Amino acid sequence: MSALTEALSQVQARPQDADVWVGLGKAFMGAGQPKPAAEAFQQALRRAPSTAAFRGWADAAVAQGQITHGVAVLTAAQGRGMLDHDGLLALGRYAMDANDLSAAAKALHTACTQRPEDGQSFLLLGIVEVRRGRADVAAPMLERACSLSPDNVDAHANLATVRETLNQLDAAATAAKAALALDPHHGLAGLCLARVLRRQGHLDESLALLDTIDDATLAPHHAARREVERGLCLDRKGNSQGAWDAFSAMNAHAQRRPGLRVEAAQAWRATVDEIRTMAPDLAGQAVGLRNEALSGEAPVFIMGFPRSGTTLIETILGAHPALWSCGEQPITDVFLRRWTALMSDAPAYPQGLLAVGPERRAVLRRDWLEARDAVLPERPVDRRLIDKVPLNLVHLPLLHALFPEAPLIVVLRDPRDAALSCFMQDFGPGVGNLQMMDMHSIVGLMQAVLATYAAVKPVLGDALTVVRYEDVVEDQPGETARLLAALGLPWDDRVAKYWTTTAGRHVATPSYSQVSQPISTKARGRWRRYCDQLGPWREPLDQLAVDLGYSAD
């Protein structure tokens, strides 16, 4: 008699026994039938809730592709104290897959407390903290995982990656070599060591190591990162065509990643285009709200097209004791997702901004600040927040309407250098980042975003503080003093050595290695070495350069 037939007979004999329904669910799962398995586990829960029934229902949901539902089931079980250690690890993994990092962290923290001798719990929690942009928090957890499970190659490899992200290159190399000693073909460890070698100037060694890494040993996003490393090495060696080919391969890998939110990216781009067509009216509406009463401290906004130097400006200003930089945080995105609920009797954003008067502005402003507190519950209240999100450049009218007293710092860079740098970066998932995976899309987005900026600049006028990347590279102290004056802040010597503030801190943007050291001029004018490769896009890029005040040649 098959296991499924036996389980069905047990249910017929004892239909009120929760355990036999659990057995039936497991039999259905063993037979590859998750839908009836889920129904059987639910029958068990109706009779007598148990850890096995909750876990089985969640596994059946995930087997049907319903990861979010599986997380909800295990979260409910956790709330009732009915998850064992393995169940907590399962919840952590499922929540990571669902990108619910808060739920994952909560479950894995509990798992670490319950069983402090289990290295796997600390490994998973460390990975979650990295994904939350807290590599500095993750590092001791991964150290603990390595100590508890010295033969766990993934623990050493992830520790190496975290150490490199924190610019601790010698420690990163040591951890990567420990992982490779356990598994010479471990892709993540090899990739991390190659990155360290490249950053230390050992370009040929890095390239040789990259050539030994097989795609089969890498997750899709790590395969893209391998091509980034290859491209960066070849770029530094002056091999422009080889570097271009590597970055093209990187973008091809990125386009094949699972779970890309193509429809969401298309909707986001449609919103950008709508803002562009309405930009002068939106800016005029924002200016009209300047003289109303205000409450709550406004942040300092930094924006500009990606790879224009926004992270550099944020890091420099963040070294001032009166300011606090927190990396790129989705505060405005969280706020905009609640727009309909706040403005139920008005059109959707951006059209709805034209319907905002003083009373509504007060509500929206308060909600943006609530979104800030939800995203950054541990922010220091004695320092002014720097909100740096490059593509918030399209939301200039909205941000000025909400915070007319807020400094709006716009960072500009030669569009040819910015576009090339975008092409050379693996930005990772994100609705805006999906526009960055080929040069045609990059240039099209740049045209739309900079056209929006050009339309609002004459209206917003002196509300904008414009800084050029090239000027900062040439005269960092002078440009910093000008920015601080615009913020009403005195000079502080710490901003002159801003890179010392990034030591041991996670900078969650592709610029993390650049802002950990003094300013270099190497990236300025790099596009000239790629004139042949940029040929099909030179005309629109040259026009954008001229529009921003750069030379056409």
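Shown above is the structure to which this text applies.
Nothing here was measured: the structure is a model prediction, and the numbers come from that model. (Residues numbered from 1 in each chain as written. Predicted model: local features only at pLDDT ≥ 70, side-chain atom pairs only at ≥ 80, totals over all residues. Heavy atoms only, no water.)

What about the packing of aromatic side chains?
- Within the structure shown, the criterion is met by eight aromatic pairs.
- Ring centres of Trp 244 and Phe 423 lie 4.3 Å apart, and the angle between their planes is 25 degrees; on these two criteria the pair is classed as stacked. You can see Trp 244 sitting in helix H15 (residues 240-255) and its partner Phe 423 sitting in helix H22 (residues 415-423), a full 179 residues away along the chain.
- Trp 244 sits in the buried class, given a relative accessible area of 11%.
- Judged by its relative accessible area of 4%, Phe 423 falls in the buried class.
- On the basis of an interplanar angle of 75 degrees and a centroid distance of 5.1 Å, the ring pair of Trp 368 and Phe 403 is categorised as edge-to-face. Of this pair, Trp 368 sits in helix H20 (residues 358-375) while Phe 403 sits in the loop between helix H21 (396-402) and strand E4 (408-412), and the two are 35 residues apart along the sequence.
- A connected cluster of aromatic rings, assembled from ring pairs, spans Trp 244, Phe 423 and Trp 537.
- It is Arg 413 that lies over the ring of Tyr 469; its NZ or CZ is 4.6 Å from the centre.
- If you follow Arg 468 out to its NZ or CZ, it ends over the ring of Tyr 550, 4.8 Å from the centre. (Phe/Tyr/Trp six-rings, centres within 6.5 Å; stacked < 30°, edge-to-face > 60°. Helix = DSSP H or I, 4+ residues; strand = E, 2+ residues; numbered from the N terminus. Buried < 20%, exposed > 50% of the residue type's maximum accessible area, 1.4 Å probe, protein only. Lys NZ or Arg CZ within 6 Å of the ring centre and 35° of its normal.)

Some thoughts on the side chain of Thr 452
- By the secondary structure assignment, Thr 452 is in helix H23 (residues 439-460).
- Within the structure, Thr 452 has its side chain in polar contact with the backbone oxygen of Ala 448 (distance 2.9 Å).
- Aside from chain neighbours lying at most four places away, what touches Thr 452 is Val 272, Ile 275, Arg 276, Ala 279 and Val 394. (Polar contact = N/O pair within 3.5 Å; in protein donor to acceptor, adjacent residues only side chain to side chain. Contact = heavy atoms within 4.5 Å.)

With respect to the pattern of salt bridges
- All told, the structure shown has 31 salt bridges when counted by the stated rule.
- The closest approach of N and O atoms between Arg 163 and Glu 143, which form a salt bridge, is 2.7 Å. Of this pair, Arg 163 sits in helix H10 (residues 153-165) while Glu 143 sits in helix H9 (residues 135-148), and the two are 20 residues apart along the sequence.
- Under the relative-accessibility criterion, Arg 163 is labelled buried at 14%.
- The exposure class assigned to Glu 143 is partly exposed, which follows from its relative accessible area of 36%.
- Linking Asp 235 and Arg 526 is a salt bridge whose minimum nitrogen-to-oxygen distance equals 3.3 Å. (Salt bridge = Lys/Arg side-chain N within 4 Å of Asp/Glu carboxyl O.)

Thoughts on the pairing of strand E1 (residues 300-303)
- Going residue by residue along E1, you find Val 300 and Ile 302 tucked away on one face and Phe 301 and Met 303 tucked away on the opposite face as well.
- Across three bridges, the pairing between E1 and strand E3 (residues 384-388) is parallel. Each bridged residue has a counterpart across the sheet, and for Ile 302 the counterpart in E3 is Lys 388.
- In terms of strand pairing, E1 meets E4 through three bridges, oriented parallel. When the sheet's bridge partners are listed, Met 303 is paired in E4 with Val 410. (Pairing = 2+ DSSP bridges.)

Observations regarding the sheet that holds E1
- One open sheet holds the five strands; their spatial order is E2-E3-E1-E4-E5, and the pairing between them is parallel. Looking at which strands have only one partner, the edges of the open sheet turn out to be strand E2 (323-325) and strand E5 (464-468). Each neighbouring strand pair of the sheet contributes to a mean axis angle of 25 degrees, computed without reference to strand direction.
- In this fold helix H17 (residues 310-318) packs onto E1, E2, E3, E4 and E5, with an angle of close to 170 degrees to the strand it touches most, E3. (Axes fitted to C-alpha atoms, helices over the stretch in contact; angles between N-to-C directions.)

Considerations on unusual backbone geometry
- Following Tyr 349, the chain continues into Pro 350 via a peptide bond in cis, with omega recorded as 10 degrees.
- Mapped onto the elements of the fold, Pro 350 is located in the loop between helix H19 (339-342) and H20.
- One non-glycine residue, Asn 167, lies in positive phi territory at about 65 degrees.
- In this structure, Asn 167 sits in the loop between H10 and helix H11 (169-182).
- In this structure, Arg 307 is a non-glycine residue whose phi angle is positive, near 65 degrees.
- Its location among the elements puts Arg 307 in the loop between E1 and H17.

Describing the nonpolar core
- Ranked by size, the top nonpolar core spans 165 residues in total, and within it Phe 305, Phe 335, Trp 339, Trp 368, Leu 396 and Met 439 carry the most contacts.
- Counting residues per element, this core draws most heavily on H23, which supplies 11 residues.
- By size, the runner-up hydrophobic cluster in this structure holds 20 residues, among which are Ile 409, Val 467, Leu 484 and Val 495. (Core = buried A, V, L, I, M, F, W, Y, C linked by side-chain atoms within 4.5 Å.)

What about helix H14 (residues 220-236)?
- Here H14 contains 17 residues, and its C-alpha end-to-end distance of 25 Å stays within 8% of the 24 Å for a straight helix at 1.5 Å per residue.
- Just beyond H14, the residue with positive phi is Gly 238, at close to 85 degrees. (Expected span 1.5 Å × (residues − 1).)

Notes on the side chain of Asn 152
- For Asn 152, the location among the structural elements is in the loop between H9 and H10.
- Of the residues examined, Asn 152 reaches a relative accessible area of 17% and is grouped as buried.
- Dropping the residues within four chain positions of it, Asn 152 is found in contact with Gln 120, Leu 123 and Leu 182.

Things to note about the packing of helix H7 (residues 101-114) against helix H8 (residues 119-131)
- At a closest axis distance of 9 Å, the pairing of H7 and H8 adopts a crossing angle of 150 degrees. The angle between H7 and H8 places the two elements in the roughly antiparallel class. Relative to H8, the crossing made by H7 is left-handed. Across from Leu 101, Ala 104, Ala 105, Leu 108, His 109, Ala 111 and Cys 112 in H7, the residues of H8 making contact are Ser 121, Phe 122, Leu 124, Leu 125, Val 128, Glu 129 and Arg 131.
- Across the contact of H7 with H8, the residue classes break down as 10 nonpolar, two polar and two charged. (Parallel < 35°, antiparallel > 145°, perpendicular 65-115°, else oblique. Left-handed = near helix turned anticlockwise from the far one by under 90°. Nonpolar A, V, L, I, M, F, W, Y, C, P; charged D, E, K, R; others polar.)

Keep in mind these numbers describe shape, not what the thing actually does.
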